[in-house]
Amino acid sequence: MEIDNLTPVLESEQRAGIGIIGCADIAVRRALPAIHRSPFRLMAVASRSREKAEGVAAGAGCAAVEGYERLLDLPGIDAVYIPLPNSEHAVWARRALEAGKHVLLEKPAVPAEETARDLVALAEKNELALMENFAFLRHPQHARAQALVADGAIGQLRSYTGSFGIPPTDPRGIKYQADLGGGALWEVGCYPVRAAQEYLGATARVLGAGLKFDPALGVDVAGAALLGDDDGVTAHCSFGLSHGYRSAYELWGSEGRLVLEWAFTPSAGARPVLRLHQKDRETQILAPASDQFLGVFTTFHDAVRDPAARAEHHGDLVRQAGLMARIRAHALAEGPR
């Protein structure tokens with residue numbers, strides 16, 4: 001698709017146009033197919049390498065752009081998805097918001113609560129949506145779990161335990177680069193922490209945290225955090241980059257337990273099982289198959305079109321950034337291990 005043709009195509013479609021800043025693997029594997037099925041119209045992908053942008057764009061049926069700034073100058077692009085390395089999120093989110101674009105930031109959005117508040121303030125000043133991409137939240141198994149808890153299926157909620165760990169990969173990868181915002185807390189720890197916020201109250205705070213560092217890599221490769229709220233509900237979050245794969249959380253109540261065994265990364269065709277334990281009985285609840293990335297872009301499009309839908313996303317982003325920053329600060333105060 002030629003760049004000069006972007007404006008008439010968008011006008012004829014009556015759909016919000018979206019561009020992608022960066023050609024990360026997650027964008028190519030999961031985001032691009034989901035965007036094509038979403039209410040958005042994919043307009044362009046940008047890379048610092050023209051060759052890379054053209055390779056991705058050829059398979060996606062959109063324009064290729066060399067340079068992120070140039071994508072922001074294109075006509076017909078209402079919103080951008082930013083799957084860049086963590087260290088690049090804040091600067092490009094700010095530039096996109098200043099350019100009048102709605103922004104979907106890949107997780108973790110930013111490493112500090114102050115930065116999150118500044119970006120949200122800019123988004124609200126410019127009447128734009130700013131959303132952090134935790135795709136797992138858009139899978140219906142979590143809404144089902146929350147409904148069961150709300151209905152008293154496990155009695156009064158006492159605690160949450162969440163774990164996300166993956167086996168080690170190429171140490172040259174982005175997740176192991178400290179200067180790019182890598183490390184276990186940012187890469188995988190953010191998942192159980194974000195899920196915990198669906199069950200803890202607004203008073204959730206950090207009670208304890210620890211990180212294990214690999215001196216050769218220069219980043220944390222494992223860790224844990226303990227959270228709690230004023231109602232006495234606790235959340236134990238464990239995570240790592242040198243583990244057997246685990247992606248689960250458990251809700252323990254006064255009268256039972258609810259276990260989600262594939263909580264964070266189910267494939268689009270998978271049907272995750274929720275296990276409800278009540279006294280001496282176990283009930284298996286089969287969740288529907290769902291493309292959680294499609295859910296992300298559908299939700300984001302709703303926020304682009306409906307200003308009333310934005311405040312919740314802005315609040316979630318700030319709260320998550322604050323908790324993550326305090327977890328890291330608490331762990332570093334305890335000293336590296």
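Report follows, based on the coordinates. (Residues numbered from 1 in each chain as written. Predicted model: local features only at pLDDT ≥ 70, side-chain atom pairs only at ≥ 80, totals over all residues. Heavy atoms only, no water.)

### Observations concerning the sheet that holds strand 6 (residues 130–133)
Going by this rule: By definition, two strands form a pair when at least two bridges between them are found by DSSP. Strands here mean DSSP runs of E at least two residues long; helices mean DSSP runs of H or I at least four residues long; both are numbered from the N terminus. Here, axes are lines fitted to C-alpha atoms. For helices the fit covers the stretch in contact, and angles between N-to-C directions go from 0 to 180 degrees. Any pair of residues with heavy atoms lying within 4.5 Å of one another is described as a contacting pair.
The sheet built from six strands is open, its strands ordered 3-2-1-4-5-6 with parallel pairing. Only two strands of the sheet have a single neighbouring strand rather than two, namely strand 3 (63–66) and strand 6. When the angles between neighbouring strand axes are averaged without regard to direction, this sheet yields 20°. Contacts from helix 5 (residues 89–98) reach strand 4 (79–82) and strand 5 (102–106), with the element oriented near 170° to strand 5.

### Digging into the nonpolar core
How we decide: What is meant by a nonpolar core is a set of buried Ala, Val, Leu, Ile, Met, Phe, Trp, Tyr and Cys residues, joined one to another through side-chain atoms within 4.5 Å. Relative accessible area decides the class of each residue, using a 1.4 Å probe on protein chains only: under 20% of the type maximum gives buried, over 50% gives exposed, and in between gives partly exposed.
Tyr160, Leu227, Tyr249, Leu251, Leu258 and Phe264 are the most contacted members of the largest nonpolar core, which has 51 residues in total. For this core, the element with the most residues is helix 8 (residues 184–196), which contributes nine residues. One finds Ala44, Tyr68, Leu71 and Leu105 within the second-largest nonpolar core, a separate group that totals 32 residues.

### Quick look at empty space enclosed by the protein
The following threshold applies: Cavities and pockets were defined on a 1 Å grid built from protein atoms only: a cavity is a group of points that admits a 1.4 Å probe but offers it no way out, a pocket is an open group of points flanked by protein on both sides within 12 Å along at least five of seven lines, and a lining residue is one with an atom within 4 Å of any such point. Grid points are joined across faces, edges and corners, and a volume is the space filled by probe spheres set on the points. Classification used: nonpolar for Ala, Val, Leu, Ile, Met, Phe, Trp, Tyr, Cys and Pro, charged for Asp, Glu, Lys and Arg, polar for all others including Gly.
Counted by the stated rule, this structure contains one cavity of 30 Å³ or more. Size it by volume and the largest cavity reaches roughly 80 Å³. In terms of lining, the largest cavity is formed by Met131, Glu132, Phe134, Leu137, Arg138, Arg194, His313, Asp316 and Leu317. Put simply, the parts of the chain that give the lining of the largest cavity at least two residues each are strand 6 and helix 10 (310–334). The greatest single-element share of the lining of the largest cavity, amounting to three residues, is contributed by helix 10. Residues belonging to the lining of the largest cavity are distributed by class as follows: four nonpolar, one polar and four charged.

### Comments concerning the pattern of salt bridges
For clarity, the cut-off: What makes a salt bridge here is a side-chain nitrogen of Lys or Arg within 4 Å of a carboxyl oxygen of Asp or Glu, nothing more.
Under the definition given, this model contains 19 salt bridges. Of the charged contacts, one joins Asp291 and Arg30 as a salt bridge, the two residues approaching to 3.8 Å between their closest N and O atoms. On the criterion of sequence distance, the pair formed by Asp291 in the loop between strand 14 (281–286) and helix 9 (292–305) and Arg30 in helix 2 (residues 25–37) is long-range, its members being 261 residues apart. Across the pair Glu113 and Arg117 runs a salt bridge whose closest N-O atoms are separated by 2.8 Å. Here the residue Glu113 and the residue Arg117 both occupy positions in helix 6 (residues 113–125), the gap between them amounting to four residues, near one helical turn. In this structure Glu113 comes out as partly exposed when scored by relative accessible area, which is 21%. Relative accessible area serves as the criterion here: at 47%, Arg117 is assigned to the partly exposed category. The network of salt bridges with shared partners includes Arg194, Glu198, Asp316 and Arg319.

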